Amino acid sequence: MNDEAQKTQNVKMEKLQNALKKVGEIALDVSKKLLEISAAVAGALAGVVTAGVKSYAELEKAQKGSERLFGESFNIVKENAANAYKSLGLSATEYYDQVNQYAVGLKDALGGDSEAAAQLADDILKAQADITAATGASTDAVQNAFSAVMRGNYTLIDNLRLGIKGSKEGMQEAIDKVNEWNKANGNATNYQMGNYADMEKALVDYTKMVGIAGTAQTQYPPPTAPRRTRPSSACSHEWSSWPP
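The following refers to the structure shown. (Residues numbered from 1 in each chain as written. Predicted model: local features only at pLDDT ≥ 70, side-chain atom pairs only at ≥ 80, totals over all residues. Heavy atoms only, no water.)

### Here we look at the layout of surface pockets
To find leftover empty space, one rolls a probe the size of a water molecule over the atoms.
Okay, so step 1: Within this model, the second largest pocket holds a volume of roughly 160 Å³.
Okay, so step 2: In terms of lining residues, the second largest pocket is bounded by 13 residues, among which S87, L88, D122, K126 and Q217 are the most central.
Okay, so step 3: At the level of elements, helix 2 (74-82), helix 3 (84-87) and helix 5 (114-135) are the ones that each hand at least two residues to the lining of the second largest pocket.
Okay, so step 4: Across the lining of the second largest pocket, the residue classes tally to 4 nonpolar, 5 polar and 4 charged. (1 Å grid on protein atoms, 1.4 Å probe; cavity = no way out; pocket = protein on both sides within 12 Å on 5 of 7 lines; lining within 4 Å. Points joined across faces, edges and corners; volume = space filled by probe spheres on them. Helix = DSSP H or I, 4+ residues; strand = E, 2+ residues; numbered from the N terminus. Nonpolar A, V, L, I, M, F, W, Y, C, P; charged D, E, K, R; others polar.)

Structure (structure tokens):
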């Protein structure tokens, strides 16, 4: 092979080597990017799984709390929790947590009647949602007002924005109005100050008296495709369609 032919051959080999090197660099770069994407996807999936496990653990904890607090009437609470996303915009976990706060006080005020306590707790949550939806009062302010009444504190009830004065006298006026309204509508009641169940019932009926009962339900249409998870043997309850 003469010098000119050798030079030509060397140039061709150099070009081929450069091309192969470039292909190799591209392949390496693609591989790195694929690994980065795979790591990101794996990380995201791990995060979803971790969040799901945590949420389910919180659900089981709240449910077991309700089962312990409401005893033989737990099935009432369980059914209401399963439908809370439709009527209240709450997950099952949120529902359990909220009714559990009222369980002991309501059962005590109702002479240990757990069934009546479960029903009243549900009525309270519905009334709270209606007040929030109708008046624009914050959820926290409304919940705090109801909870304060359970402790004999009436200063927060004006936060309900229903025209009730934030005082013991204001609570008494509200009870009197509700008793009169119920009597006029053929459903006579004798709610009394000092009985926590009576006072909570009066606030629930007050929402009916002023015409805002049921407002929240119109704002929470049921999702078209609720998500479900397989129940465990320890928790046969359907996971809420909304994240807890």
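Additional details are given in the paragraphs that follow.
### Comments concerning helix 2
Okay, so step 1: Of all the residues in helix 2, the buried ones are F74, V77, N80 and A81. End-on view of helix 2: buried residues confined to an arc of 125 degrees, all on one side of the axis. Exposed side of helix 2, more than 90 degrees from the buried face: N75 and E79 are the residues found there. (Buried < 20%, exposed > 50% of the residue type's maximum accessible area, 1.4 Å probe, protein only. Arc of directions from axis to C-beta.)

### Thoughts on the nonpolar core
Okay, so step 1: If you look at the biggest cluster of nonpolar residues, it comprises 51 residues, and the most contacted ones within it are F146, L160 and M171.
Okay, so step 2: By residue number, the principal contributor to this core is helix 5, which donates 9 residues.
Okay, so step 3: Those residues in contact with F146 that lie beyond four places of it in its chain are Y102, I124, A127, Q128, I131, L160, E200 and L203. (Core = buried A, V, L, I, M, F, W, Y, C linked by side-chain atoms within 4.5 Å. Contact = heavy atoms within 4.5 Å.)

### Here we look at the environment of L59
Okay, so step 1: With respect to the helices and strands, the residue L59 is situated in helix 1 (residues 3-70).
Okay, so step 2: Its relative accessible area of 0% is what places L59 among the buried residues.
Okay, so step 3: Counting along the chain gives 34 residues from L59 to T93, while the straight-line C-alpha distance between them is 4.8 Å.

### Topic: the packing of helix 2 against helix 4 (residues 92-109)
Okay, so step 1: Between helix 2 and helix 4, the shortest axis-to-axis distance is 9 Å and the interhelical angle comes to 140 degrees. In terms of their interaxial angle, helix 2 and helix 4 are classed as oblique. Relative to helix 4, the crossing made by helix 2 is right-handed. On helix 4, the residues that touch F74, V77, K78, N80 and A81 of helix 2 are A92, Y95, Y96 and V99.
Okay, so step 2: Its residues assigned to classes, the contact of helix 2 with helix 4 comprises 7 nonpolar, 1 polar and 1 charged. (Axes fitted to C-alpha atoms, helices over the stretch in contact; angles between N-to-C directions. Parallel < 35°, antiparallel > 145°, perpendicular 65-115°, else oblique. Left-handed = near helix turned anticlockwise from the far one by under 90°.)

### So, the environment of D205
Okay, so step 1: Residue position: D205 is located in helix 8 (residues 196-209).
Okay, so step 2: On a C-alpha basis, the gap between D205 and D123 in space is 9.4 Å, while along the polypeptide they are 82 residues apart.
Okay, so step 3: Once residues within four sequence positions are removed from consideration, D205 is found in contact with V178, W181, N182 and Y191.

### Looking at the environment of Y95
Okay, so step 1: Checked against the element boundaries, Y95 lands in helix 4.
Okay, so step 2: Judged by its relative accessible area of 1%, Y95 falls in the buried class.
Okay, so step 3: Each C-alpha atom of the pair Y95 and N80 lies 8.2 Å from the other, and the pair is 15 residues apart in sequence.
Okay, so step 4: Among the polar contacts made by the side chain of Y95, one reaches the side chain of D122 at a distance of 2.6 Å. (Polar contact = N/O pair within 3.5 Å; in protein donor to acceptor, adjacent residues only side chain to side chain.)

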